[in-house]
Amino acid sequence: MPFWCSPTYAFLSQDTILTDAPEMKHHFFSSHGALALVQLLEVIRLPDLVCRILGVLNLLIYQDLEAQENLCLVGAIPVVMTFTSKRFNHDIRLEAAHFVYAMCSSSNLTLQFVLSCRGLKTLVELIDEDYNEQKDLVWLGAGCVHSVLELQVSTSKAGDLSY
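Residues numbered from 1 in each chain as written. Predicted model: local features only at pLDDT ≥ 70, side-chain atom pairs only at ≥ 80, totals over all residues. Heavy atoms only, no water.

**Digging into the packing of aromatic side chains**
For the structure on display, the rule yields one aromatic pair. Residues Phe83 and Phe88 carry aromatic rings whose centres are separated by 4.9 Å and whose planes lie at 55° to one another, so their mutual orientation is tilted. According to the relative accessible area criterion, Phe88 is buried, its value standing at 17%. (Phe/Tyr/Trp six-rings, centres within 6.5 Å; stacked < 30°, edge-to-face > 60°. Buried < 20%, exposed > 50% of the residue type's maximum accessible area, 1.4 Å probe, protein only.)

**Topic: helix H8 (residues 108–116)**
For H8, the complete set of buried residues consists of Thr110, Leu111 and Val114. Projection of H8 onto a plane perpendicular to its axis shows the buried side chains occupying an angular sector of 100°, all on one side. (Helix = DSSP H or I, 4+ residues; strand = E, 2+ residues; numbered from the N terminus. Arc of directions from axis to C-beta.)

**Some remarks on the layout of surface pockets**
The computed volume of the largest pocket comes to approximately 190 Å³. Mapped by element, the contributors of at least two residues to the lining of the largest pocket are helix H6 (76–81) and helix H9 (119–127). At three residues, the largest contribution of residues to the lining of the largest pocket is made by H9. Of the pockets and cavities examined, the second largest pocket occupies roughly 160 Å³. Around the second largest pocket, the lining residues are Asn58, Ile61, Tyr62, Gln63, Gln68, Glu95, His98, Phe99, Tyr101, Ala102, Ser105 and Ser106. Only helix H4 (47–61) and helix H7 (90–106) provide two or more residues apiece to the lining of the second largest pocket. At seven residues, H7 tops the list of elements feeding residues into the lining of the second largest pocket. Among the residues forming the lining of the second largest pocket, the class breakdown is five nonpolar, six polar and one charged. (1 Å grid on protein atoms, 1.4 Å probe; cavity = no way out; pocket = protein on both sides within 12 Å on 5 of 7 lines; lining within 4 Å. Points joined across faces, edges and corners; volume = space filled by probe spheres on them. Nonpolar A, V, L, I, M, F, W, Y, C, P; charged D, E, K, R; others polar.)

**Section: the nonpolar core**
Grouped burial of nonpolar side chains is what soluble globular proteins tend to show. Judged by nonpolar contacts, the single largest core of 39 residues is most densely connected at Leu41, Leu54, Leu57, Leu71, Phe83, Phe99 and Met103. Looking at this core, the elements that each hand over two or more residues are helix H2 (24–30), helix H3 (33–43), H4, helix H5 (65–73), H6, H7, H8 and helix H10 (135–159). The element that contributes the greatest number of residues to this core is H4, accounting for nine residues. Discounting residues that sit within four places of it in the chain, Phe83 has contacts with Leu41, Arg45, Val50, Leu54, Phe88, Ile92, Arg93 and Ala96. The next biggest cluster of nonpolar side chains, apart from the first, holds five residues, and it includes Leu94, Ala97, Leu126 and Leu137. (Core = buried A, V, L, I, M, F, W, Y, C linked by side-chain atoms within 4.5 Å. Contact = heavy atoms within 4.5 Å.)

**Details of the confidence of the model for the protein chain**
On average, the protein chain scores 85 in pLDDT, and the residues at 70 or more come to 81%. No element of the protein chain has a lower mean pLDDT than helix H1 (residues 7–20), which averages 56, and none a higher one than H6, which averages 97. Long-range and interchain partners of residues 1–5, a stretch whose pLDDT sits below 50, account for four contacts in this model, where long-range means more than four residues apart. (pLDDT = per-residue confidence, 0-100.)

Following this line, the structure appears as structure tokens:
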């Protein structure tokens, strides 16, 4: 099979299309492309391809709250969070951690989605890394925990209202 017919080439092209023509993002979501990527992550175990798919998902959600919420609704969070595990290579873990960080730091709704998918366990695992070897993962995890604590403070202040 020629390289240009391979799945890897398709994902390399996807990056270019999404960055050069941002309006394609809407078409991608409306044609259920994001759901297809999430479903691929559930079955594909080729590290290079997993890393590319996670990279495309990160590109899709970058500074786009609507895209993040759409991915929450199609079940992307628990699927992506599995790739933060120590059994995956650093590049895959880093892409997955960036995804989780984006979900934790964008809005209270996406943060609550992360927490409802047992996200605290994932955040603790990211922070529990050897700081000297995995600084980037530890910092992403710490940023997520900061968002959780901010949410806790804002909800407790809202609950302090007297009636």
